[in-house]
Amino acid sequence: DAGITQSPRHKVTETGTPVTLRCHQTENHRYMYWYRQDPGHGLRLIHYSYGVKDTDKGEVSDGYSVSRSKTEDFLLTLESATSSQTSVYFCAISDGPLKNSPLHFGNGTRLTVT
Amino acid sequence: QKEVEQDPGPLSVPEGAIVSLNCTYSNSAFQYFMWYRQYSRKGPELLMYTYSSGNKEDGRFTAQVDKSSKYISLFIRDSQPSDSATYLCAMRGNRDDKIIFGKGTRLHILP
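Since the structure is predicted, the reported quantities are computational estimates derived from the model, not experimental observations.

1. Here we look at the packing of aromatic side chains
Residues and elements named next belong to chain A. Overall, the coordinates contain 15 aromatic pairs over all chains when judged by the stated rule. Seen from their ring centres, Phe90 and Phe105 are 6.4 Å apart, and the 90° between their planes marks the pair as edge-to-face. On the criterion of sequence distance, the pair formed by Phe90 in strand β9 (residues 87-94) and Phe105 in strand β10 (residues 104-105) is long-range, its members being 15 residues apart. According to the relative accessible area criterion, Phe90 is buried, its value standing at 2%. We classify Phe105 as buried; its relative accessible area is 3%.

2. Brief notes about the sheet that holds strand β3 (residues 19-25) of chain A
Backbone hydrogen bonds hold the strands of a sheet together, and the pairing may be parallel or antiparallel. Residues and elements named next belong to chain A. Strand order in the open sheet formed by 4 strands is β1-β3-β8-β7, with antiparallel pairing between adjacent strands. Pairing within the sheet leaves two strands with one partner each, and these edge strands are β1 (4-7) and β7 (64-70). The average undirected angle you get between the axes of adjacent strands in this sheet is 20°. Both β1 and β3 contribute to a ladder of 4 bridges, which runs antiparallel. Across the sheet, residue Ile4 finds its bridge partner in β3, namely Gln25.

Cut-offs and rules
- Just so you know, the residues in each chain are numbered from 1, in the order the chain's sequence is written.
- Lettering of chains starts at A and numbering of ligands starts at 1, both following the order in which they are written.
- Restriction of local features to residues with pLDDT of at least 70 applies here, the model being predicted, together with a cutoff of 80 or more for giving and counting side-chain atom pairs; totals for whole chains, interfaces and linings are based on all residues.
- Computation of side-chain values: all heavy atoms of the structure, hydrogens and water removed.
- In this analysis, rings of Phe, Tyr and Trp, with Trp reduced to its six-membered ring, are considered paired at centre separations within 6.5 Å, and the interplanar angle assigns stacked below 30 degrees, edge-to-face beyond 60, and tilted for intermediate values.
- Helix and strand definitions here come from DSSP, where helices need a minimum of 4 consecutive H or I residues and strands a minimum of 2 consecutive E residues; each element is numbered from the N-terminal end.
- Each residue is assigned to one of three classes by its accessible area relative to the maximum for its type, calculated with a 1.4 Å probe on protein chains only: buried under 20%, partly exposed between the two thresholds, exposed over 50%.
- Two strands are said to pair when DSSP picks up at least two bridges between them.
- Orientation is described by axes fitted as lines to C-alpha atoms, over the contacting stretch for helices, and by angles from 0 to 180 degrees between their N-to-C directions.

Structure representation (structure tokens):
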């Protein structure tokens, strides 16, 4: 799992509540990513970061925000969780931009919104 | 037409058999091709990373790219029960920072 820790590993929350997922890496990689994985959709990029305080949107960013105050930590926040955000969330890292470096994934957070 | 298509399976084969996993794609700009293995309740793990056409071998695994047909394959020789997992193909263009993933093929190796 390339020195990537995601927390929590499992979470159940109610619709309308805020939720924050954490990704912590020990590889000192500059790039960090949040993906969600759903049956029938595969992996889809939510947000990514290319440095401390530098973030950008992916293809499914609506309803999500991110923050990166330290190289090793990348937080994903669902401001007001909805049932459509029930998914498995994966953090990934790379030591350079994707055009030069492959992705390495953490073991995921399974989120259920009831 | 979807950018990347991958048969979801499940694919069940006996131990020791040669496994062939495949993806087709529509974007001729894709230049880099990857295969990830994902065990249940785990994150995807990079298996193979190839550029353009041709073959790449790593132990029991061989990745093959046919850009003229827009078709990539992963072959697993002497398959083992520990190879049972979901295999994801992924690809991107030469200048892209975006990776497109297939939906994955579930593979079961029967002892």
